[in-house]
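Examination of the molecular architecture
As a plain string of letters, each chain reads:
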Amino acid sequence: MDESTLAEMVHRGGVMVLSGAGLSTDSGIPDYRGDGGRGRAPVTYRQFVDDPGARRRYWSRSHVGWKHIALAEPNAGHRALASLEQAGLVSGVVTQNVDRLHQKAGTKAVIDLHGSLDRTVCLGCGDGRARLELHHRLEAANPRFDTKATVAPDGDADISATESESFRVVECLRCGGLLKPDVVFFGESVPHRRVRKALEWIESASMLLVVGTSLSVMSGHRFVHAARRRCLPLAIVNRGPTRADAVADVRIDAGLSDVLPLLVSHPSRTNPDSVSSTNLGT
């Protein structure tokens, strides 16, 4: 069985994990390609900076969507990876997600490749703050804005242009500059230091485990290239096809909450007592 082969690979240790949106769908956070994905194009960095209307639409939707992200809880897949790290088998997780559910689950070594929605940054002075502070300020500035919108990927929400027109955006408390969530927008580059650190992890890893991503964007796919250059074993668990299926040593098309807990409970021949199933759930 593919699950048994994957478990034996993981139980050799030195596993670097690359995770994507498919890992968080069981926590109620939609991904781009599932039934909850959005049809419209996301706001780009240039639109956000140059167009006050686009910025207002972004913040109105994000104000609603972030409440959902903030309340989300890790699922069995997140908890399984945390347990595998605690057992010394997973050496690090590089995630394309911005929900910080890996950290909530207890994983320590995490690179938030695309940033995190729970922080904001001023584009003028660089002041960084907790998102909750901005959330309270936006609530105070928009006391009658209480829409029941459908949540979309990346903390977005489906709000009509008409509903967004009256939304008031607030500025940086320090310099009056533009506030932005501390995430990488389309049209921005992933900070070089994050990429460099992740590539360093690849250099010391024994295998790459890709979970919950189709690898459609280069920000994640580059790590598959790096792993293949080192001839590392590559395993992929994802619902639906990925760009690296043809080069994967193990490929499982299934839900992460089903597969990852099996890696924790698997009676590995290499280290049968190494992993405890503590804190795992369904």
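Residues numbered from 1 in each chain as written. Predicted model: local features only at pLDDT ≥ 70, side-chain atom pairs only at ≥ 80, totals over all residues. Heavy atoms only, no water.

**Quick look at the overall build of the protein chain**
- A count of helices and strands for the protein chain gives ten helices and eleven strands.
- For the protein chain, whose C-alpha radius of gyration is 20 Å, the value lies close to the compact-globule estimate of 19 Å for 282 residues.
- For the C-alpha atoms alone, the extent of the protein chain along its principal axes is close to 60 × 35 × 30 Å.
- A total of 282 residues make up the protein chain; the buried ones form 52% of that total. (Helix = DSSP H or I, 4+ residues; strand = E, 2+ residues; numbered from the N terminus. Rg over C-alpha atoms; globule rule 2.2 N^0.38 Å. Buried < 20%, exposed > 50% of the residue type's maximum accessible area, 1.4 Å probe, protein only.)

**As for the pairing of strand E10 (residues 234-237)**
- Burial along E10 is two-sided: the face carrying Leu-234 and Ile-236 and the face carrying Ala-235 and Val-237 are both buried.
- Bridge count between strand E9 (residues 207-211) and E10: four bridges; the pairing is parallel. In the strand pairing of E10, Leu-208 is matched with Leu-234.
- In this fold, the crossover linking E9 to E10 by way of helix H9 (residues 218-229) has right-handed handedness.
- The sheet contact formed by E10 and strand E11 (residues 250-252) spans three bridges and is parallel. Residue Ile-236 lies in a different strand from E11, and its bridge partner there is Arg-251. (Pairing = 2+ DSSP bridges. Right-handed = clockwise from strand over helix to strand, strands pointing away.)

**As for the pattern of salt bridges**
- This model, assessed by the stated rule, comprises eleven salt bridges.
- For the salt bridge of Asp-249 with Arg-228, the shortest nitrogen-to-oxygen distance reads 3.4 Å. Of this pair, Asp-249 sits in the loop between E10 and E11 while Arg-228 sits in helix H9; the two residues are 21 residues apart in sequence, bridging distant segments of the chain.
- Each of Asp-127, Arg-129, Glu-133 and Arg-174 takes part in salt bridges that share partners, so that together they form one network. (Salt bridge = Lys/Arg side-chain N within 4 Å of Asp/Glu carboxyl O.)

**Observations regarding the side chain of His-78**
- With respect to the secondary-structure elements, His-78 resides in helix H4 (residues 76-86).
- Setting aside residues no more than four positions away along its own chain, His-78 makes contact with Leu-23, Ser-24, Ser-27, Leu-101, His-102, Ala-105 and Thr-107. (Contact = heavy atoms within 4.5 Å.)

**Regarding the sheet that holds strand E8 (residues 179-183)**
- Taking strand neighbours across the sheet as the criterion, the three strands line up as E5-E4-E8 in an open arrangement whose pairing is antiparallel. In this open sheet, the two edge strands, each paired with only one partner strand, are strand E5 (128-130) and E8. Adjacent strand axes in the sheet meet at a mean angle of 40°, parallel and antiparallel pairs treated alike.
- The sheet contact formed by strand E4 (residues 115-122) and E5 spans three bridges and is antiparallel. Across the sheet, residue Val-121 finds its bridge partner in E5, namely Gly-128. (Axes fitted to C-alpha atoms, helices over the stretch in contact; angles between N-to-C directions.)

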